[in-house]
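As a plain string of letters, each chain reads:
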Amino acid sequence: LMKTKAMVKYPLAVICLLCLLLSGCVTYNFTGGSIPLNIKTISIQNFFNQSGNGPPSMSIQLTEKFKSFYQNNTKLLVVKENGDWKLDGVITKYYVQPIAPQANQTAGQTRLTITINAAFTDELNNREFKKDFSFYADFAQTQSLSQVENELVNTILDQLVLMVFTETTSNW
């Protein structure tokens, strides 16, 4: 009989805890961040490529990845301009460098690095940042950049979007 009462009390405690969490001033999402309840929209401007390198479509690809990520992972409505949150930026660096030197003084791997500068403004809660985000991916020295570029750029841009998203939804 004692175990039955404990089993009944435990689910009630869980339900109470969930009610407390859900009644707070922020909404939570599956990516680990939070968005204040008063934020309903986000405007994402084009991230232009100022690096001088990279695929011609990289700017559009990054911008669309941001829009898709916020649309698919939050309740925010993506609008063309004047969102409660505003996000814009530029691609500042795109470069390839040899890494992992070998005994014969050649590189065992090559690294593709992309850096963006993102500017974020929360119009309703008086919060903003302008910050560089960088990510890289390595590939075998036996491969050319043209063989792996599309896949690597896609992977790097996904990570950059996640990094910026985490920054916009943290510290609440």
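Scroll up a little and you will see the structure.
Residues numbered from 1 in each chain as written. Predicted model: local features only at pLDDT ≥ 70, side-chain atom pairs only at ≥ 80, totals over all residues. Heavy atoms only, no water.

Undergrad: For this particular structure, what's the right way to read the overall build of the protein?
TA: Along the backbone of the protein there are three helices and seven strands. Reading the secondary structure of the protein in the N-to-C direction produces α-β-β-β-α-β-β-β-β-α. Every one of the 172 residues in the protein was classed for burial, and the buried ones make up 37%. The contacts of the protein with a sequence gap of at least 6 include a subset with a gap of at least 24, amounting to 67%. Element-wise, carbon and sulfur atoms account for 56% of the exposed surface of the protein, whose accessible area totals about 10800 Å². (Helix = DSSP H or I, 4+ residues; strand = E, 2+ residues; numbered from the N terminus. Buried < 20%, exposed > 50% of the residue type's maximum accessible area, 1.4 Å probe, protein only. Contact = heavy atoms within 4.5 Å. Areas by Shrake-Rupley, 256 points an atom, 1.4 Å probe, with all protein chains shown as cover.)

Undergrad: Which parts of the structure should I look at to understand helix H3 (residues 145-169)?
TA: Helical periodicity: at 3.6 residues per turn, an α-helix aligns residues three or four positions apart in one direction. Compared with the 36 Å implied by 1.5 Å per residue over 25 residues, the 34 Å span of H3 between its first and last C-alpha is a close match. Helix geometry: H3 is bent most strongly at Glu 151, by close to 30°. Within the sequence span of H3, burial applies to Val 148, Glu 149, Leu 152, Val 153, Ile 156, Leu 157, Leu 160, Val 161, Val 164, Phe 165, Thr 168 and Thr 169. (Expected span 1.5 Å × (residues − 1). Bend = angle between axes of the 7 residues up to and from the residue.)

Undergrad: Which parts of the structure should I look at to understand the packing of aromatic side chains?
TA: Where two aromatic rings form a pair, the distance of their centres and the angle of their planes describe that pair. The tally for this structure, following the rule as stated, stands at seven aromatic pairs. Where Trp 85 meets Phe 120, the ring centres are 5.0 Å apart and the plane angle is 80°; that geometry is what we call edge-to-face. Of this pair, Trp 85 sits in strand E5 (residues 85-101) while Phe 120 sits in strand E6 (residues 107-122), placing them 35 residues apart in sequence. As far as burial versus exposure is concerned, Trp 85 and Phe 120 are alike and both buried. Aromatic rings pair up to connect Trp 85, Phe 120, Phe 129 and Phe 133 into one cluster. The ring centre of Tyr 136 lies 3.7 Å from the NZ or CZ of Arg 111, which sits over that ring. (Phe/Tyr/Trp six-rings, centres within 6.5 Å; stacked < 30°, edge-to-face > 60°. Lys NZ or Arg CZ within 6 Å of the ring centre and 35° of its normal.)

Undergrad: How should I be thinking about the environment of Lys 75 in this particular structure?
TA: Take Lys 75: it is sitting in the loop between helix H2 (58-73) and strand E4 (77-79). Spatially, the C-alpha atom of Lys 75 lies 9.9 Å from that of Leu 37, the residues being 38 residues apart in sequence.

Undergrad: Sorry, what's going on with unusual backbone geometry here?
TA: The general pattern is negative phi for most residues beyond glycine and trans for most peptide bonds. The backbone of Asn 82 shows a phi angle near 60°, a positive value even though the residue is not glycine. Tracing the sequence through the fold places Asn 82 in the loop between E4 and E5. Take Asn 82: its relative accessible area is 59%, and that puts it in the exposed class. With phi around 55°, Asn 126 is a residue other than glycine that occupies positive phi space. Among the secondary structure elements, Asn 126 is positioned in the loop between E6 and strand E7 (127-140). Asn 126 gets classed as exposed once you look at its relative accessible area, which sits at 77%.

Worth remembering: the numbers are spatial, not functional.
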